[in-house]
Amino acid sequence: MRKGKGFSGMNRREFLKAGLVGTTSAMLGGNTVAEAIGQYASSEPFVFPKPVYRTLGRTGMKITVVSFGAMLTPEAEVIRTAFEHGVNYVDTARKYMDGKNEGIVAKALKGRRDKVYVATKTLPTSKSKEDIIRDVETSLRTLETDYVDVIQLHNLASKERIFIPETREALAKLREQGKVRFFGVTTHKNQPEVLNALVDDPDRFFDTALVAYNFKSDNDTKEAIARAAQAKIGIIAMKTQAGGYATDAMGPVSPHQAALKWALQNINITTAIPGMRDMAELREDIAVMGMPFGYADERVLQRYSAEVGPYYCHFCGKCEKTCSKGVEISTINRSLMYAEGYKSPELALSTYREIPVAASASACLDCADCVARCVNGLDIRTKMKRAREVLV
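As the structure is a prediction and not an experimental result, all values here were calculated from the model.

## Focus on the overall build of the protein chain
Here is step 1 of the chain: In terms of helices and strands, the protein chain carries 15 helices and ten strands.
Here is step 2 of the chain: Burial statistics for the protein chain: of 392 residues in total, 55% are counted as buried.
Here is step 3 of the chain: Sequence-distant contacts, at least 24 apart, represent 78% of the contacts inside the protein chain between residues at least 6 apart.
Here is step 4 of the chain: Taken as a whole, the protein chain presents about 16,400 Å² of accessible surface, with 50% of it coming from carbon and sulfur.

Okay, here's the thing in C-alpha cells:
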C-alpha cells in the first residue's frame, strides 16, 4: 500500500541527505519548509501519542480517532502493539485474507478483549436469515469471542439491502442472544444513497456506517455524511489515503499523515481505520492523533491529488449509468486500486471475481467505442483495458 519511508520514518540526517528540503521547498513554497521539516523530520525516537477519542454516534462507544483497519495486516503483533498504546477499535471481515484475517485479530485480542471494540462484517452475498446467522457465528468462533460490538453488512451499493426483512430479523435475533451489540453497513459506491437511506429509515435500525472518505470526496458524499452524523449514526472513514499510490513526483514526501489529518478534521467523522500492515505504517498513522491539519498538509495533498488524478476513481458510480453494457466500472476500478495502490493482488483478484462475468471488463471487448463517461475525467476505456491486463 505504501512505498519507502514517510517523513516520520526518517531521522534528520536521512531527511537532509535525501534532498527533502529542496523537494519540499519546490512543492510547498519557501514559507512552509521550516514547518514541514519540524513536523516530519524530528530526530527524536518515536513516542506513541496520547490517545484521542470521539463517540461513535448513538452507540455511546468512545473510540480512538485513529483505529485499526486490519484487512491486510499479516502479523498479530502489529495489531497488538496498537492495542497496547491505546487504540481500542479494530475492523475486520469474514472475507479478508480468504477468511484468515479474523484469526489474526483473535491472536491480538488475547487478554485484551474487554478493552477493545471489535467490528466485523458478514459476507457481501449474505442476505438470508440463515446466511447472516452463519456468518456471525463463524466470526465469533474465529475471533474467539462471545460477541462482536459492531456487525456490518458488507459492501452495499444501493439502499435495497438495508430494508430486507429477513436480514433485519437475523440481526435482531443475534442481538437478543447477546452475540452482537450494534448494527452497521459498509459502502463504496452510491454512498449518498446508502447513507440517506439509513437516516430516512423510520426504524433507524442501523447504528454505524463505514464509508470511503478522503480529500477527493465529492460534496454529495460530504453532505450525506453530515446528515447521517446529525442523526446519531456513527461514521467510520476508510479509503482515507485515496489509494495510497506511490508516486516518484512526491520524492520522499509521504502524503499519508496529511490525508489522515484531512479526514479527521471533519467533526462528523468519528474515526479513520487506515490499513496498517507493519510497524512503520502503524507509527506513521497513529502519530496523527492530536495533530492539526495545517498549510503544509494542504500543499502536500494538492500535489498528491494532481499526481493521482489521472487514475484515481471516486467510486461514485455515475459512469455506470452511461455504460450500455452495465459494466461495474466502479468495482473494477476499486480492484485496480487494490492491485496498483495497495499492492495486494490477492485482494484485487478476490474483489474482481465477485463481479459477474457479464459485468466485468471483458464485456467491454464487444464495444467498438466506449460510451461510458466519468464526471471526473477518467479515461474509462483505458482503465478497463488495464483491468483486463492486471486482473487475470
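## With respect to the packing of aromatic side chains
Here is step 1 of the chain: All told, the structure shown has eight aromatic pairs when counted by the stated rule.
Here is step 2 of the chain: Ring geometry for Phe-205 and Phe-206: centres 5.0 Å apart, planes at 75°, overall edge-to-face. For the pair Phe-205 and Phe-206, a shared accessibility class is recorded, and that class is buried.
Here is step 3 of the chain: Here a set of aromatic residues connected by ring pairs shows up, and it is made of Phe-183, Phe-205 and Phe-206.
Here is step 4 of the chain: The ring of Tyr-147 has Arg-113 lying over it, and the distance from NZ or CZ to the ring centre is 4.2 Å.

## A short note on helix α5 (residues 101-109)
Here is step 1 of the chain: Among the nine residues that make up α5, seven are buried, leaving the element largely enclosed by the rest of the structure.
Here is step 2 of the chain: Among the residues making up α5, those that are buried are Asn-101, Glu-102, Ile-104, Val-105, Ala-106, Ala-108 and Leu-109.
Here is step 3 of the chain: Buried residues belonging to α5 abut α4 (76-84), β4 (89-91), β5 (117-121) and α6 (129-143).
Here is step 4 of the chain: One or two residues past the end of α5 sits Gly-111, with phi positive at roughly 80°.

## Here we look at the pattern of salt bridges
Here is step 1 of the chain: With the rule as written, the count across this model stands at 23 salt bridges.
Here is step 2 of the chain: When the shortest N-O distance is used, the salt bridge between Asp-201 and Arg-168 registers 2.9 Å. One end of the pair, Asp-201, is in the loop between α8 (191-200) and β8 (208-212); the other, Arg-168, is in helix α7 (residues 165-176), with 33 residues separating them in the sequence.
Here is step 3 of the chain: For Asp-201, a relative accessible area of 3% gives the class buried.
Here is step 4 of the chain: Across the salt bridge formed by Lys-189 and Glu-320, the nearest N and O atoms sit 3.0 Å from each other. Of the two residues, Lys-189 is situated in the loop between β7 (180-187) and α8 and Glu-320 in the loop between α12 (295-308) and α13 (329-340); the sequence distance between them amounts to 131 residues. For the pair formed by Lys-189 and Glu-320, the shared burial category is buried.
Here is step 5 of the chain: Because the salt bridges share partners, they merge into one network encompassing Glu-340, Lys-385, Arg-386 and Glu-389.

## A look at the sheet that holds strand β3 (residues 68-69)
Here is step 1 of the chain: Reading across from one edge, β3-β4-β5-β6-β7-β8-β9-β10 is the order of the eight strands in this open sheet, with parallel pairing throughout. Single-partner strands in this sheet number two, and they are β3 and β10 (271-272).

## A short note on the confidence of the model for the protein chain
Here is step 1 of the chain: Scored by pLDDT, the protein chain comes out at a mean of 89, with 89% of its residues at no less than 70.
Here is step 2 of the chain: Contacts from residues 3-25, a stretch scored under 50 in pLDDT, to residues over four places away or in other chains number 48 contacts.

## Re the side chain of Thr-120
Here is step 1 of the chain: Relative to the helices and strands, Thr-120 resides in strand β5.
Here is step 2 of the chain: One polar contact links Thr-120 to Glu-102, side chain to side chain, over a distance of 2.6 Å.
Here is step 3 of the chain: The residues touching Thr-120, leaving out its near neighbours within four places in the chain, are Thr-92, Ala-93, Arg-94, Glu-102, Ser-139, Leu-143, Val-148, Val-150, Ile-151 and Gln-152.

## Structural notes on the packing of α4 against α5
Here is step 1 of the chain: The contact between α4 and α5 brings their axes to 8 Å, and the two run at 45°. As summarised for this structure, α4 and α5 are arranged oblique, according to the angle between their axes. The two elements α4 and α5 meet at a crossing, and its hand is right-handed. Contact residues: α4 offers Ala-76, Ile-79, Arg-80 and Phe-83, while α5 offers Ile-104, Val-105, Lys-107, Ala-108 and Leu-109.
Here is step 2 of the chain: A breakdown of the residues in the contact of α4 with α5 according to their chemical character gives seven nonpolar, no polar and two charged.

## So, the pairing of strand β9 (residues 234-238)
Here is step 1 of the chain: With five of its five residues buried, β9 lies for the most part within the structure.
Here is step 2 of the chain: For the crossover from β8 across helix α9 (residues 219-230) to β9, the handedness is right-handed.
Here is step 3 of the chain: Taken together, the two bridges between β9 and β10 define a ladder with parallel strand orientation. When the bridges of β10 are listed, Ile-236 appears paired with Thr-271.
Here is step 4 of the chain: Each parallel crossover has a hand, and the one from β9 via helix α10 (residues 256-264) to β10 is right-handed.

Conventions adopted
- Residues numbered from 1 in each chain as written.
- Predicted model: local features only at pLDDT ≥ 70, side-chain atom pairs only at ≥ 80, totals over all residues.
- Heavy atoms only, no water.
- Helix = DSSP H or I, 4+ residues; strand = E, 2+ residues; numbered from the N terminus.
- Buried < 20%, exposed > 50% of the residue type's maximum accessible area, 1.4 Å probe, protein only.
- Contact = heavy atoms within 4.5 Å.
- Areas by Shrake-Rupley, 256 points an atom, 1.4 Å probe, with all protein chains shown as cover.
- Phe/Tyr/Trp six-rings, centres within 6.5 Å; stacked < 30°, edge-to-face > 60°.
- Lys NZ or Arg CZ within 6 Å of the ring centre and 35° of its normal.
- Salt bridge = Lys/Arg side-chain N within 4 Å of Asp/Glu carboxyl O.
- Pairing = 2+ DSSP bridges.
- pLDDT = per-residue confidence, 0-100.
- Polar contact = N/O pair within 3.5 Å; in protein donor to acceptor, adjacent residues only side chain to side chain.
- Axes fitted to C-alpha atoms, helices over the stretch in contact; angles between N-to-C directions.
- Parallel < 35°, antiparallel > 145°, perpendicular 65-115°, else oblique.
- Left-handed = near helix turned anticlockwise from the far one by under 90°.
- Nonpolar A, V, L, I, M, F, W, Y, C, P; charged D, E, K, R; others polar.
- Right-handed = clockwise from strand over helix to strand, strands pointing away.

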